[in-house]
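The lines below spell out each chain.
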Amino acid sequence: MLTLPVYVHVPKLYAEHYGLGLATQGVLLVAARGLDAFVDPLLGLLSDRARARGLDRRLFILLGAPLLALAAWGLFAPPAAVLPFVAAWFFAMLVVVYSALALVQVSHYAQGAELTLDATERTRVTALRETFALAG
């Protein structure tokens with residue numbers, strides 16, 4: 001749910017309050033998402049390997065959630081000291097937000113898939129998860 005405010009509110013905030021142009025923001029958003037394409041599978045692999053060693057995936061959710069909250073705070077309220085470097089801050093916070101979000105989501109989604117070995121039940125779990133996410 002955090003990605004919607006990032007795409008809707010952050011561009012206006014950074015353009016109006018911090019002077020970061022929309023074109024620059026677009027390039028940085030695409031770069032951060034491009035990096036995310038490599039980070040997500042690595043975090044999934046890390047979660048899978050930890051699970052294979054007996055660790056619970058909820059650990060990744062518990063670690064990722066506070067990191068996500070701090071990164072979102074940093075993205076929406078950059079400290080005054082970073083304003084001369086607002087583009088770098090913007091990019092760094094996007095990368096941390098997307099990485100922490102992936103840490104939480106990948107582990108959460110994998111938990112649902114591990115509830116049953118039956119493909120029909122997995123589909124039902126996924127459909128319910130997505131239905132409630134959309135309703136929320």
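Everything here concerns the structure above.
Computed from a prediction, not measured in an experiment: that's the story for all the values here.

Trainee: I would appreciate a short explanation of the pattern of salt bridges in the present structure.
Mentor: When the charged atoms of two side chains lie near each other, side chains of opposite charge can form a pair. Enumeration according to the criterion identifies six salt bridges in this entry. A salt bridge links aspartate 36 to arginine 33, with the shortest nitrogen-to-oxygen separation between them at 3.6 Å. Here aspartate 36 and its partner arginine 33 are both found in helix α3 (residues 22-52), three residues apart, which amounts to about one turn of the helix. For aspartate 36, a relative accessible area of 6% corresponds to the buried category.

Trainee: Quick question: what am I supposed to make of the environment of arginine 122 here?
Mentor: Residue position: arginine 122 is located in helix α6 (residues 119-135). Using a relative accessible area of 32% as the deciding quantity, one classes arginine 122 as partly exposed. Along the chain, arginine 122 and glycine 112 lie 10 residues apart, while their C-alpha atoms are 7.2 Å from each other. Setting aside residues no more than four positions away along its own chain, arginine 122 makes contact with Ala113, Thr116 and Leu117.

Trainee: Teacher, can you tell me more about the packing of aromatic side chains here?
Mentor: In this description, an aromatic ring pair is defined by two values, namely the gap between the centres and the angle between the planes. The tally for this structure, following the rule as stated, stands at two aromatic pairs. On the numbers, 5.1 Å between centres and 55° between planes, the contact of tyrosine 14 with tyrosine 18 is tilted. Of this pair, tyrosine 14 and tyrosine 18 both sit in helix α2 (residues 10-18), four residues apart, which is roughly one turn of the helix. Given the relative accessible area of 0%, tyrosine 14 is considered buried. Residue placement shows arginine 33 over the ring face of tyrosine 98; its charged tip is 4.3 Å from the ring centre. A cation over a ring is seen here: arginine 129 above tyrosine 109, with NZ or CZ 3.8 Å from the ring centre.

Reading the values: rules and limits
- Residues numbered from 1 in each chain as written.
- Predicted model: local features only at pLDDT ≥ 70, side-chain atom pairs only at ≥ 80, totals over all residues.
- Heavy atoms only, no water.
- Salt bridge = Lys/Arg side-chain N within 4 Å of Asp/Glu carboxyl O.
- Helix = DSSP H or I, 4+ residues; strand = E, 2+ residues; numbered from the N terminus.
- Buried < 20%, exposed > 50% of the residue type's maximum accessible area, 1.4 Å probe, protein only.
- Contact = heavy atoms within 4.5 Å.
- Phe/Tyr/Trp six-rings, centres within 6.5 Å; stacked < 30°, edge-to-face > 60°.
- Lys NZ or Arg CZ within 6 Å of the ring centre and 35° of its normal.

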